[in-house]
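A look at the structure
So you can see what is in the structure, the chains are spelled out below.
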Amino acid sequence: AVVSTQSTGSVVLEKGKHGGWSREDHILYKHITQQYPVDKFQRSTLCLEMLKLVMSDKTERELREHGEWTQLHEMFCEHRRSIKHMHQSALHKLVATAETDCRQQWVQVREMREKANEILSQKEKTARIFEDLLRCRAEKLKKIKAEEKELAEYQERMAKERAELDRRRAKQRKVDKEKIQVFKEMKDEKEREYQKRLEQMKEKEAARKKKTLAVGKKRVDYRHDLHERKLEEQAAAEAQKQEEEQRKKEVLDKLAATVAIDAPYDPARVLRDTEASTARMKESDYVGKFQLFRVMGYEDNAISGDMRVKVE
């Protein structure tokens, strides 16, 4: 069983994580095969037909080989999980047994120590305790002296630093006061200059406005005169135009009077022939009776009666 498992693992691992296919193709294969239940009738045939339709670039042999590899891979993974679970269970049991043995050994060692301590005599205990107390007392006194010395040095150093800090603060306050005074003087000077410039600007603005108003008044008067002149010119042009139209109308009336029709009212005249049409009819009768020119040709009757025309 170990040999078969090792051979199966080597076969599975030879083709890589996805059986020699790309990750997308392997995921698509598993997705399609998982759609059919395991107990479905003719499940392998249905899966193969669906895989042929979806994965048309794969042959039937490749699909079958990948299916066999997938089954081996799942069996291999399941076997590996079971072995891992058995190993963890055995390891837990071994750890629990070791903890129990260590606990028992520790209880025995503690009992032995307690018995050994009880065996010690009261005199040795008292001497050892006394020596410990003396040593602790000496160490504590030494530590207290060192702390007192360190505290005195610290207080002295803090007093010096505080005095130096107070001196620096006083010096800085003095410098700050001088800077503030200089700044106030500069600010007052700038304020005076600003007020002076502001007054000058106001005077210049007032003069400019006064000049602008004078120029503006002249321009307004000029534009008003120009507008009045333009209105007068437009009125004169309109009057001249009306006069010309009146003169044209009078001329046209005179021309219309010269060409006006002077005839009595006769409705029957509309149905009669005009003098021009009557004269034209007489002229056509006169032209038909006399031949004005010699005709050098053939009449239509002569042409239609010719045998050559008929044959053609």
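Cut-offs applied
- Along every chain, residues carry numbers that run from 1 in the direction the sequence is written.
- Residue-level local features of this predicted model are given only where pLDDT is at least 70; pairs of side-chain atoms are given and counted only at 80 or more, and the full residue set underlies all totals for whole chains, interfaces and linings.
- Here the side-chain values reflect all heavy atoms present in the structure, with hydrogen atoms and water set aside.
- Under the DSSP-based scheme used, a helix requires at least four consecutive residues in state H or I and a strand at least two consecutive residues in state E, with every element numbered from the N terminus.
- The buried label applies to any residue whose accessible area, calculated with a 1.4 Å probe on protein chains only, is under 20% of its type's maximum; exposed applies above 50%, and partly exposed to all values in between.
- Residue contacts are defined here by distance: any two heavy atoms, one from each residue, within 4.5 Å place the two residues in contact.
- We get accessible surface area from the Shrake-Rupley algorithm with a probe of 1.4 Å; when it comes to residues, only the shown protein chains can shield them.
- To estimate the expected span of a helix, count its residues, drop one, and scale the result by 1.5 Å.
- As a rule, the C-alpha atoms of each element are fitted with a line to give its axis, helices using only the stretch in contact, and angles between N-to-C directions run from 0 to 180 degrees.
- Relative orientations are named as follows: roughly parallel for angles under 35 degrees, roughly antiparallel for angles over 145 degrees, roughly perpendicular for angles from 65 to 115 degrees, and oblique for any other angle.
- By definition, turning the near helix anticlockwise from the far helix through less than a right angle yields a left-handed crossing, and turning it clockwise yields a right-handed one.
- Nonpolar cores were defined as sets of buried Ala, Val, Leu, Ile, Met, Phe, Trp, Tyr and Cys residues, with membership established by side-chain atoms within 4.5 Å.
- Think of a patch as exposed residues, more than 30% relative accessible area, with no salt bridge, where like charges cluster within 9 Å and nonpolar side chains (Val, Leu, Ile, Met, Phe, Trp, Tyr) cluster within 5 Å.
- Should a side-chain nitrogen of Lys or Arg be within 4 Å of a carboxyl oxygen of Asp or Glu, the pair is scored as a salt bridge.
- Here the positive residues are Lys and Arg and the negative ones are Asp and Glu; neither His nor the chain ends is included.
- Every charge is mapped to an atom, namely NZ of Lys, CZ of Arg, CG of Asp or CD of Glu.
- Under this definition, polar contacts are N or O atom pairs within 3.5 Å; protein pairs additionally need one hydrogen-donor-capable and one acceptor-capable atom, and for neighbouring residues in sequence, both atoms have to be side-chain atoms.
- By definition, pLDDT measures how confident the predictor is in each residue, and it falls between 0 and 100.

This part takes up the overall build of the protein. Helix and strand counts for the protein stand at eight helices and zero strands. Listed N to C, the secondary structure of the protein is α-α-α-α-α-α-α-α in terms of helices and strands. Across the 312 residues that make up the protein, the buried fraction comes to 7%. The long-range share in the protein, meaning contacts at least 24 apart out of those at least 6 apart in sequence, stands at 56%. About 29,500 Å² of surface is accessible on the protein, with carbon and sulfur atoms providing 57% of the total.

Attention shifts here to helix α4 (residues 60-119). With 60 residues, α4 should reach 88 Å at 1.5 Å per residue; the first-to-last C-alpha distance of 88 Å fits that figure. Those residues of α4 not exposed but buried are Leu63, His66, Gly67, Trp69, Thr70, Phe76 and Cys77.

For the pair helix α2 (residues 23-33) and helix α3 (residues 43-54), the least separation of the axes is 10 Å and the interaxial angle reads 140 degrees. As summarised for this structure, α2 and α3 are arranged oblique, according to the angle between their axes. As α2 runs across α3, the sense of the crossing is right-handed. For the pair formed by α2 and α3, the contact residues are Leu28, Tyr29, Ile32 and Thr33 on the first element and Arg43, Cys47, Met50, Leu51 and Val54 on the second.

Now for the nonpolar core. Counting seven residues, the largest nonpolar core consists of Trp21, Tyr29, Ile32, Leu48, Leu51, Met55 and Leu63. Elements supplying a minimum of two residues to this core: α2 and α3. If we ignore the near neighbours within four places in the chain, the residues touching isoleucine 32 are Met50, Leu51 and Val54.

What follows concerns a negative patch on the surface. Where like charges cluster on the molecular surface, the negative patch consists of Glu147, Glu148, Glu150 and Glu153. You can see glutamate 153 is positioned in helix α5 (residues 122-258). For glutamate 153, a relative accessible area of 41% corresponds to the partly exposed category.

It is worth spelling out the pattern of salt bridges at this point. As enumerated under the stated definition, the model contains seven salt bridges in all. Here glutamate 78 and arginine 81 are joined by a salt bridge, their closest N and O atoms 2.5 Å apart. Placement of the pair is glutamate 78 and arginine 81 together in helix α4, with a separation of three residues, close to one helical turn. Between arginine 168 and glutamate 164 there is a salt bridge, with its nearest N and O atoms 3.3 Å apart. Here the residue arginine 168 and the residue glutamate 164 both occupy positions in helix α5, the gap between them amounting to four residues, near one helical turn. Given the relative accessible area of 54%, arginine 168 is considered exposed. Among the ionic contacts, a cluster of salt bridges with common partners joins Glu164, Arg167 and Arg168.

On the surface, a nonpolar cluster with roughly 270 Å² of combined accessible area is contributed by Leu28, Leu53 and Val54. The class of valine 54 is partly exposed, set by a relative accessible area of 40%.

Tracing the backbone shows serine 277 in helix α6 (residues 275-289). Side-chain polar atoms of serine 277 contact the backbone oxygen of threonine 274, separated by 2.8 Å.

Right, let's get into the confidence of the model for the protein. For the protein, the average pLDDT comes to 79, and 87% of its residues sit at 70 or higher. Here residues 1-5 is modelled with pLDDT under 50, and outside its nearest four sequence neighbours on either side it reaches one contact, counting other chains as well.

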